[in-house]
Amino acid sequence: MGTTIKVHGTPLSSAFQRAVVCLHEKEVDYELVPVDMRAGAHKQQPFISLNPFGQVPALEHGDLQLFESRAISKYIAEEYAQKGTQLIPTDSKKKAIASVWMEVEAHQFDPVTSKLGWELLFKPMFGLTTDQTVVDEYEAKLVKVLDVYENRLSKSKYLGGDCFTLADLHHLPNLQGLLGTNMKNHIESRPHVKAWVVDITARPAWAKVLAMLKP
Ligand SMILES: N[C@@H](CCC(=O)N[C@@H](CS)C(=O)NCC(=O)O)C(=O)O
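Treat the numbers as computed from the prediction; the structure is a model and nothing was measured. (Residues numbered from 1 in each chain as written. Predicted model: local features only at pLDDT ≥ 70, side-chain atom pairs only at ≥ 80, totals over all residues. Heavy atoms only, no water.)

A. Structural detail: the pattern of salt bridges. Evaluation of the coordinates by the stated rule reveals nine salt bridges. In this structure, Glu-105 engages Arg-18 in a salt bridge whose closest nitrogen and oxygen atoms are separated by 3.8 Å. In this pair, Glu-105 sits in helix α4 (residues 92–125) while Arg-18 sits in helix α1 (residues 14–25), placing the two residues 87 residues apart along the sequence. A relative accessible area of 2% means that Arg-18 is categorised as buried. Of the charged contacts, one joins Lys-157 and Asp-199 as a salt bridge, the two residues approaching to 3.6 Å between their closest N and O atoms. Within this pair, whereas Lys-157 is found in the loop between α5 (132–153) and α6 (166–169), its partner Asp-199 is found in helix α9 (residues 191–201), the two being separated by 42 residues in sequence. (Salt bridge = Lys/Arg side-chain N within 4 Å of Asp/Glu carboxyl O. Helix = DSSP H or I, 4+ residues; strand = E, 2+ residues; numbered from the N terminus. Buried < 20%, exposed > 50% of the residue type's maximum accessible area, 1.4 Å probe, protein only.)

And the structure:
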């Protein structure tokens, strides 16, 4: 029996979901340590000892403390390489291609979809007004990103290659968010993007994360 992994955060957080879906894919047990973000617990001790930037999630595994959801998922995928779904290719060239698409997610997809999620999902949830100018600007950026994805996915079943990898997994939270907005039209009008989204959002590991959001 190894030391239990602790994940600090809240299931409403997309970055928390990214870390936790990885644990489910690897079939690794963990303990959820709730962080009351409404009360500002993420900006105070003890949480800021785990992440000085005051953002969830953070992970503890024995002496190891991590933050940044993508660094957490990479650690889990490597630490538990022999368990559950293989999420990082072993061949160095295949691994490099998967890395490219992990970077694309972090630097092209996430900034655009996080902004749209804030305007279209979170602002209404918090009683704030959506800024349509921002939505229009970021919708145009989303269209450009999804055109690149449509081209990539017409040649490759998954972004990183023939198999599901972290490159796909990292997209799950923000893709799910887009599906809850009118931006879903941009997914549904692109057949390869649509098939990829249907496939990866149907994974049992993702269903377990969505179940955490049910009251
Ligand atoms: N790049 C970070 C982003 C983490 C992040 O933005 N977390 C949000 C919740 S999804 C948060 O804690 N927001 C509170 C804040 O920034 O003050 C990661 O992937 O872990």
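B. Inspection of helix α10 (residues 204–211) at higher detail. Looking only at α10, the buried set comprises Ala-205, Trp-206 and Val-209. Taken down its axis, α10 places every buried residue within 95° of arc, on the same side. (Arc of directions from axis to C-beta.)

C. Expanded view of the nonpolar core. With 51 residues, the main nonpolar core has Ile-76, Leu-116, Tyr-149, Leu-166, Val-193 and Trp-196 as its most contacted residues. Per-element tally for this core: the top contributor is α5, with eight residues. Both domains that meet at this core, namely domain 1 (5–84) and domain 2 (92–208), each give it at least three residues. Residues Phe-47, Leu-50, Val-56 and Ala-58 belong to the second largest nonpolar core, which totals five residues. (Core = buried A, V, L, I, M, F, W, Y, C linked by side-chain atoms within 4.5 Å. Domains from an automatic or database assignment.)

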